[in-house]
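Structure at a glance
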Amino acid sequence: MPAAAGTKTMKAKLNVIPFKEMKPDIIKWIKSMPKVSKLYSKPITYEEKIDLNPKKWNEGALSKALVTLVRYELQLMATAASDGKKMADKAKSPKEENKVIAYMERLHKETVADMEKKCTVALEELASGK
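Residues numbered from 1 in each chain as written. Predicted model: local features only at pLDDT ≥ 70, side-chain atom pairs only at ≥ 80, totals over all residues. Heavy atoms only, no water.

Here's the deal with the environment of Ala 12
Along the chain, Ala 12 falls in strand β1 (residues 8–16). Here Ala 12 is in contact with Tyr 46, Glu 47, Glu 48, Ile 50, Leu 62, Leu 66 and Leu 123, once residues within four sequence places are set aside. (Helix = DSSP H or I, 4+ residues; strand = E, 2+ residues; numbered from the N terminus. Contact = heavy atoms within 4.5 Å.)

Printed below as a string of structure tokens:
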């Protein structure tokens, strides 16, 4: 679809590390679990093309706006990861430890999905002028 008059097609990119809002002890705990660490060490990325007025927006500003937009989800992830650490500290068997790992994997998957949905909705509203 061609860009409307007075607009330019830009790439809106999100690239954020899940550890951004986490406390050092939680990061250290996550890194101590190889399966979970592999998942959390990768940046969360999102990319979409959008037609916007170049006088108001540029790709750098869009990227910063997306990071700010998903900060709440990163904070929720940090809080939930802290809860996961508390669960792990209380775990007495390998079965309970596996539940914590499954919890952390589900947390990451759900948070990434929430971020992508939030970014999509925000960019649609921005493109439509809302």
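Description of helix α4 (residues 71–90)
With 20 residues, α4 ought to run about 28 Å at 1.5 Å a step, and its terminal C-alpha atoms sit 29 Å apart, in line with that. Considering only its buried residues, α4 is in contact with β1, α1 (24–31), α2 (34–41), β2 (44–52), α3 (59–69) and α5 (94–128). (Expected span 1.5 Å × (residues − 1).)

Thoughts on the packing of α1 against α4
Between α1 and α4, the shortest axis-to-axis distance is 10 Å and the interhelical angle comes to 60°. The orientation of α1 relative to α4 falls into the category oblique. Taken as a pair, α1 and α4 cross one another with a handedness that is left-handed. Contacts between α1 and α4 involve Asp 25, Ile 26, Trp 29 and Ile 30 from the first element and Ala 81, Ser 82, Gly 84, Lys 85 and Ala 88 from the second. Residue composition of the contact of α1 with α4, grouped by class: 5 nonpolar, 2 polar and 2 charged. (Axes fitted to C-alpha atoms, helices over the stretch in contact; angles between N-to-C directions. Parallel < 35°, antiparallel > 145°, perpendicular 65-115°, else oblique. Left-handed = near helix turned anticlockwise from the far one by under 90°. Nonpolar A, V, L, I, M, F, W, Y, C, P; charged D, E, K, R; others polar.)

Thoughts on the pattern of salt bridges
Applying the stated criterion across every chain, the model contains 6 salt bridges. Of the charged contacts, one joins Glu 21 and Arg 71 as a salt bridge, the two residues approaching to 2.9 Å between their closest N and O atoms. Taken as a pair, Glu 21 in the loop between β1 and α1 and Arg 71 in helix α4 lie far apart in primary sequence, 50 residues in all. For Arg 71, a relative accessible area of 43% corresponds to the partly exposed category. Here Asp 89 makes a salt bridge to Lys 85, at a shortest N to O gap of 3.4 Å. With Asp 89 and Lys 85 both in helix α4, this residue pair falls 4 residues apart, about one helical turn. Overall, the relative accessible area of 54% leaves Asp 89 in the exposed class. (Salt bridge = Lys/Arg side-chain N within 4 Å of Asp/Glu carboxyl O. Buried < 20%, exposed > 50% of the residue type's maximum accessible area, 1.4 Å probe, protein only.)

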